[in-house]
Amino acid sequence: MSESVFAGLCEIVGTSEQVTIRREALDFNELLDRQLISYCEVIMMVSGSHREGFRLRGSDLDLMYWPNTHRVIMNMSQSEFYNTANTTMILSDSSGSPPGFTLLQLLTPSRYQELQLACVIKNDRVYISSSIWRQIMCDHAIPNSKVHGPCGSGALGTMEYDTAHCFISNFWPPSASSWIDRCHSWPDPEVVNDIFKNGCHFVAIGHPLGLHENEEWRMSFSRAEYKLVYSMNHCQFLTYGLLKLFLKEVINQQSEEEINKLLCSYHMKTIVFWAIQQNTLPYLCPQNFLAGFWVCFKLLLKWVYEGICPNFFIPRNNMFLAKVHGSAQNRLFLQLHELYKKGLACLLESFSIKPYITDVLYNPRALICTDERLILSEFDHDADLVQESIIAISKDFAWGDLYCVINAIHTIEQFMHLPLTQYQVVNLQALTTFVFKNSAFILHNMYTNTGVNKQMYVADKMFRHLLKLAAKFGYVSDMLYLAIYYYKTFRYRKALSVIEMTKVKLAQPYLMYMGCADRDKYTEAVGGQSWLTKRQAIAMDIGLANNICQISELIPEQQSAIQNRWPISTIPVFVMLHFLDFLCNRHIDTTLSQAALDELQFLVHHDWVLSIDDAYGDISWEILGICQQITGNLQAALYSYQQSLTQYPHHRIQTATQKRIQDLVQYDPNL
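These notes cover the structure that comes with them. Source: prediction; values computed, not measured. (Residues numbered from 1 in each chain as written. Predicted model: local features only at pLDDT ≥ 70, side-chain atom pairs only at ≥ 80, totals over all residues. Heavy atoms only, no water.)

## What about the state of the cysteines?
Alright, step 1. Counted under the stated rule, the structure contains zero disulfides.
Alright, step 2. Among the cysteines around Cys 200, which has no disulfide bond, Cys 166 carries the closest sulfur, lying 10.0 Å off. (Disulfide = S-S within 2.5 Å.)

This is how it looks when you write it as structure tokens:
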């Protein structure tokens, strides 16, 4: 049974190789961020379960932001390490706060207006109010977010997110010094040292029982936590994953409304940390995998009974203090105890895990494969690799100036001389093709107004070369950027030639798109081949940086997105294919142009499952409406724009859509 559940979790959570791909993609991207945006004033870090390597359905994306020019110190002597002329100093004062919480005293002025507005005066000292800061910064990163704990929360399509605007300290807090003394067997000394020298963060929420709840800040060890999760072996990591599933599918499903939110996945993570450090989970393997789950479940039962959940870094911080107490605590304990009395059979109540247990119960002599190399197919490996590299690239890099491009090229050159894993190589290739594509359009916009024909001819040749390199080393879909450039420079026949070649490649039966393909045909066509060969069997959606003009027909949408702090427009590849086909053939063959529009209309109206992600409905309907308006079919265009407004506003283009509708109605009041 242990082996079967282990193998099942490798499918649900991921094999060690899949988890490594996910972690290395994010780690490498963060490393690139530090190189590429060192001049930026705000730093961003992915944290939580996504950073740890989970991709469970329904799990959210946790993002932390902090001003790079502000630093929290633990005592006044630490200010000597900073140039206070360009660094705003903040002092942590935890003398009157519960363990794990502190007040933040502003020592030197900050030029951030948001921070100035969040300041309050106490005993002639200036403190930063966590409640005011949280409210001000709630939708700063992503508009229309709602306050949830210390974060701004919301959803981007099917992905829920939490954004925390916090402050960073390069120093380890004295109240967590006991953690270092406990690290005898786990984690390794180099991990402890790495965690210690990177300090901690402070997130905007106070202790509900503290004297200064509205001003207090909670110490956050998010960076330390993902380093600890990285230090787990795969059985320990899957035990953590099993506890997360058990909480979501069993404990919280059975609980009455009052107690189904007393426990959270952070409590499960804390349990695993303590169990490993107390040497109760060190020797897990597939054969005794469920023994680890049972150790953790018993520890959870003990903590709920006692009403004490000690924070892993600051044990005096009882994370149950304000939540798990009184009658709710008693009812939660009774519920958990009923599950405990069932023994491991309680796992049958998890719909994700049940099939892997019943398979063994019905066929106890079945041989269970626990070799991760056999559990993970080549197709799944490639799909994960593509998805993670795209996530890593699309997050931050929407540049519109030459300085960013030059900095990126220097960064790529530096990394080329370092020993890289295969996963890092894939991410570096993705970054390189991204730089090639953006560079061509940025430089073209710079050269367009020079008026020097010979200079423009040489530059044009260079731009085309960059885009051809991107097409050669990128995915099949990257050919469309060359077609976009030809359209932008009025070479419609050349653009159509590229579009036709792209159509042929996108029609291949083995094509992988959005992580989906005919597995057998994909493996038969490119299985065992080099990554350079495989890339030509993969298509991704088209990302257009909103601060770079690439297709003039989309300028209003890009301007609307920029106003709403949205850097990239992501267009489904087949929508872009027919869009370009329509635009180019308008100047060549009106019959073919109408045929392209018919294809686009069918795609947007009917082919959502295979070709258009739900999150991209707004831009897809918008593009269809633009094409219909160009042909003079204003009634159809109006319907498409109205449909765009009903979709999830992923691209923040509503302002442009409403303006297009307004223009249509003004032109023809009968619409």
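And the narrative resumes.
## Description of the sheet that holds strand β2 (residues 61-67)
Alright, step 1. Read across the open sheet, the five strands follow the order β1-β2-β10-β9-β8; overall the sheet is mixed. The strands lining the two open edges of the sheet, one partner per strand, are β1 (42-47) and β8 (146-148). Across the sheet, the mean angle from the axis of one strand to that of its neighbour is 30 degrees, orientation sign disregarded.
Alright, step 2. Relative to strand β10 (residues 159-165), strand β9 (residues 151-156) is paired through five bridges, and the arrangement is antiparallel. Bridging from a neighbouring strand, Gly 152 pairs with Thr 163 of β10.
Alright, step 3. Contacting β1 and β2, helix α8 (residues 222-230) crosses the sheet at an angle of about 40 degrees to β1. (Pairing = 2+ DSSP bridges. Helix = DSSP H or I, 4+ residues; strand = E, 2+ residues; numbered from the N terminus. Axes fitted to C-alpha atoms, helices over the stretch in contact; angles between N-to-C directions. Contact = heavy atoms within 4.5 Å.)

## Details of the side chain of Arg 22
Alright, step 1. If you trace the backbone, Arg 22 turns up in helix α2 (residues 16-36).
Alright, step 2. Looking at Arg 22, its side chain comes within polar contact range of the main-chain oxygen of Val 13, at 2.7 Å.
Alright, step 3. Not counting residues within four places of it along the chain, the set of residues in contact with Arg 22 comprises Val 13, Gly 14, Gly 53, Phe 54, Arg 55, Asp 384 and Glu 388. (Polar contact = N/O pair within 3.5 Å; in protein donor to acceptor, adjacent residues only side chain to side chain.)

## Some points on the packing of aromatic side chains
Alright, step 1. Under the criterion given, the structure shown has 34 aromatic pairs.
Alright, step 2. A ring pair is formed by Phe 81 and Phe 171, whose centres lie 5.8 Å apart and whose planes are at 55 degrees; its orientation type is tilted. Of this pair, Phe 81 sits in the loop between β3 (70-73) and β4 (88-93) while Phe 171 sits in the loop between β11 (167-169) and α6 (177-182); the two residues are 90 residues apart in sequence, bridging distant segments of the chain.
Alright, step 3. Taken together, a centroid distance of 5.7 Å and an interplanar angle of 85 degrees make the contact between Phe 246 and Phe 297 edge-to-face. Of this pair, Phe 246 sits in helix α9 (residues 234-254) while Phe 297 sits in helix α11 (residues 289-306); the two residues are 51 residues apart in sequence, bridging distant segments of the chain. (Phe/Tyr/Trp six-rings, centres within 6.5 Å; stacked < 30°, edge-to-face > 60°.)

## Overview of helix α19 (residues 479-488)
Each full turn of the α-helix corresponds to 3.6 residues, which orients residues three or four apart in the same direction.
Alright, step 1. Of all ten residues in α19, ten are buried, a share of seventy percent or more.
Alright, step 2. Residues Met 479, Leu 480, Tyr 481, Leu 482, Ala 483, Ile 484, Tyr 485, Tyr 486, Tyr 487 and Lys 488 constitute the buried set of α19.
Alright, step 3. Looking one or two places after α19, you find Phe 490, whose phi comes out positive at around 65 degrees. (Buried < 20%, exposed > 50% of the residue type's maximum accessible area, 1.4 Å probe, protein only.)

## Quick word on the pattern of salt bridges
Here the idea is simple: oppositely charged side chains can pair when their charged atoms come close.
Alright, step 1. The full count for this structure, using the stated rule, is 24 salt bridges.
Alright, step 2. For Lys 302, the salt bridge goes to Glu 306, with nearest N and O atoms at 3.3 Å. Of this pair, Lys 302 and Glu 306 both sit in helix α11, four residues apart, which is roughly one turn of the helix.
Alright, step 3. By relative accessible area, which is 44% here, Lys 302 ends up partly exposed. (Salt bridge = Lys/Arg side-chain N within 4 Å of Asp/Glu carboxyl O.)

## What to know about the packing of helix α24 (residues 573-585) against helix α25 (residues 590-606)
Alright, step 1. It is at 8 Å that the axes of α24 and α25 come closest, and there the two elements cross at 160 degrees. The orientation of α24 relative to α25 falls into the category roughly antiparallel. The two elements α24 and α25 cross, and the hand of that crossing is left-handed. Across from Phe 574, Val 575, His 578, Asp 581, Phe 582 and Asn 585 in α24, the residues of α25 making contact are Thr 590, Leu 592, Ser 593, Ala 596, Leu 597, Glu 599, Leu 600 and Leu 603.
Alright, step 2. Residues that form the contact of α24 with α25 fall into these classes: eight nonpolar, four polar and two charged. (Parallel < 35°, antiparallel > 145°, perpendicular 65-115°, else oblique. Left-handed = near helix turned anticlockwise from the far one by under 90°. Nonpolar A, V, L, I, M, F, W, Y, C, P; charged D, E, K, R; others polar.)

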